[in-house]
Amino acid sequence: VGEEVLLKCSFKSSSPITDSLLVDWTYRPLSGGPMETIFHYQSVPHPTTAGRFKDRISWLGNVANGDASIAILSPELGDNGTFICSVKNPPDV
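Residues numbered from 1 in each chain as written. Predicted model: local features only at pLDDT ≥ 70, side-chain atom pairs only at ≥ 80, totals over all residues. Heavy atoms only, no water.

The name an unreviewed UniProt entry assigns to the protein is MPZL3 protein, from the organism Acrocephalus arundinaceus. The record in UniProt for the protein states the following under Subcellular location (unreviewed entry): "Membrane". (UniProt positions renumbered as here; feature names shortened; annotations may be inferred.)

Take a look at the structure:
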């Protein structure tokens, strides 16, 4: 609690990295419920503008190096849950 949390995500692609590459981070609380997109990247980072992680996610990734990591600022116990990183680099997924 209180210390920035790094959520690492690395990927490999058999296709060249282009502006079509998409990164989506989703979250589901421990208590269950629907998955919620908390971060989107396509050419530039697009942090969520609503929900519990608004203004608390920073992009640490470098897609050219196969890195799609993010950080959560000021984490709280209620942030516990499942975080999923999804990378699509058409035609590779």
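The structure having been displayed, the exposition proceeds.
What to know about the state of the cysteines
Summed over the entire model, instances satisfying the criterion amount to one disulfide. Here Cys9 is linked by a disulfide to Cys85, with a sulfur-sulfur distance of 2.0 Å. As the torsion about the S-S bond is roughly -70°, the Cys9-Cys85 disulfide counts as left-handed. With a gap of 76 residues between them, Cys9 in the loop between β1 (5-7) and β2 (22-29) and Cys85 in strand β7 (residues 81-88) connect regions that are remote in the sequence. A relative accessible area of 10% means that Cys9 is categorised as buried. (Disulfide = S-S within 2.5 Å. Helix = DSSP H or I, 4+ residues; strand = E, 2+ residues; numbered from the N terminus. Buried < 20%, exposed > 50% of the residue type's maximum accessible area, 1.4 Å probe, protein only.)

Some thoughts on the packing of aromatic side chains
Given two aromatic rings, their pairing is described by the distance between the two centres and the angle made by the two planes. On inspection of all chains with the given rule, the structure shows five aromatic pairs. Arranged with centres 5.4 Å apart and planes meeting at 5°, the rings of Phe39 and Trp59 form a pair that is stacked. Taken together, the residues span a long stretch of sequence, with Phe39 in strand β3 (residues 36-42) and Trp59 in strand β5 (residues 57-59) at a distance of 20 residues. We note that Phe39, like Trp59, is buried. Every member of this aromatic cluster is reached through a ring pair, and the members are Tyr27, Phe53 and Phe83. Here the guanidinium or amino end of Arg52 rests over the ring plane of Phe53, the centre of that ring lying 5.9 Å away. (Phe/Tyr/Trp six-rings, centres within 6.5 Å; stacked < 30°, edge-to-face > 60°. Lys NZ or Arg CZ within 6 Å of the ring centre and 35° of its normal.)

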